[in-house]
Amino acid sequence: AEPREIDWLELMPAEDLALLETMPEIEHEGDGPPLLPDEIMTGRVVPEMGNVEGRIPGFVVPLKTTDDMRILEFFLVPYYGACIHVPPPPPNQIILVEYPDGVVIDDIYQPYWVQGTLRVEQTSNALADASYQLQASRVWLYDGE
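Residues numbered from 1 in each chain as written. Predicted model: local features only at pLDDT ≥ 70, side-chain atom pairs only at ≥ 80, totals over all residues. Heavy atoms only, no water.

A. Inspection of the environment of leucine 72 at higher detail. Note that leucine 72 resides in strand E3 (residues 71–77). When the C-alpha positions of leucine 72 and tyrosine 99 are compared, they lie 5.0 Å apart, and in sequence the two are 27 residues distant. Ignoring anything within four residues of it in the chain, the contact list for leucine 72 reads Lys64, Thr65, Thr66, Val97, Glu98, Tyr99, Pro100, Asp101 and Gly102. (Helix = DSSP H or I, 4+ residues; strand = E, 2+ residues; numbered from the N terminus. Contact = heavy atoms within 4.5 Å.)

B. The arrangement of the packing of aromatic side chains in detail. Within this structure, the stated rule accounts for four aromatic pairs. A ring pair is formed by tryptophan 113 and tryptophan 140, whose centres lie 6.2 Å apart and whose planes are at 25 degrees; its orientation type is stacked. Pair noted here: tryptophan 113 is in strand E5 (residues 112–124) and tryptophan 140 is in strand E6 (residues 129–141), with a separation of 27 residues, a long-range link. Taken individually, tryptophan 113 and tryptophan 140 each receive the classification buried, so the pair is uniform in this respect. Ring plane angle 40 degrees and centroid distance 5.1 Å describe the contact between tryptophan 113 and tyrosine 142, whose orientation is recorded as tilted. (Phe/Tyr/Trp six-rings, centres within 6.5 Å; stacked < 30°, edge-to-face > 60°. Buried < 20%, exposed > 50% of the residue type's maximum accessible area, 1.4 Å probe, protein only.)

C. Focus on unusual backbone geometry. Despite not being glycine, asparagine 51 has its phi angle at roughly 65 degrees, a positive value. Among the structural elements, asparagine 51 can be located in the loop between helix H1 (14–22) and strand E2 (52–65). The backbone of methionine 69 shows a phi angle near 70 degrees, a positive value even though the residue is not glycine. Relative to the helices and strands, methionine 69 resides in the loop between E2 and E3.

Spelled out as C-alpha cells, the structure:
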C-alpha cells in the first residue's frame, strides 16, 4: 500500500492558515530580505500530525553531510530557496529530516519525496526553526505524482 501523502497545509493550525490567507503582500524594501509577520512565525503545530507515517514532497536544505557528500540531516521545505535566498518559512512549514542512510542529491533545484514518521518536535539552529521532525526511511526524486 502507498504511504499516506502529507500536504504542507496540514501542518498549519487553522489560525495560521487564516493568517496566511489574509496576509498582505510582503514588502521588499531595504538591504535585507523581506520578513514574514511575527504572528505567523510562532511555530504553532497540529498535534494530530505527531506520529503520522507518510510521505511529503519538498526541497532539501542540507545540514549534515558525510565526506562522500551523502546528506544525513536536512531541512525539508515546501518551496525552493527557502532558508537560503529568502527568509525562512514559518517553523510549521519546515521539517528537520534525519536520514541515517544518507542521500546524494545531484541537483538541489529538484524536489524530493521523503517518507517516514513525522513527529511534533521543535528544533532551532542558525539557519531556521522547525516545528516538526521526520525520521526518514526513504528519500527519492519527486516524480510529479
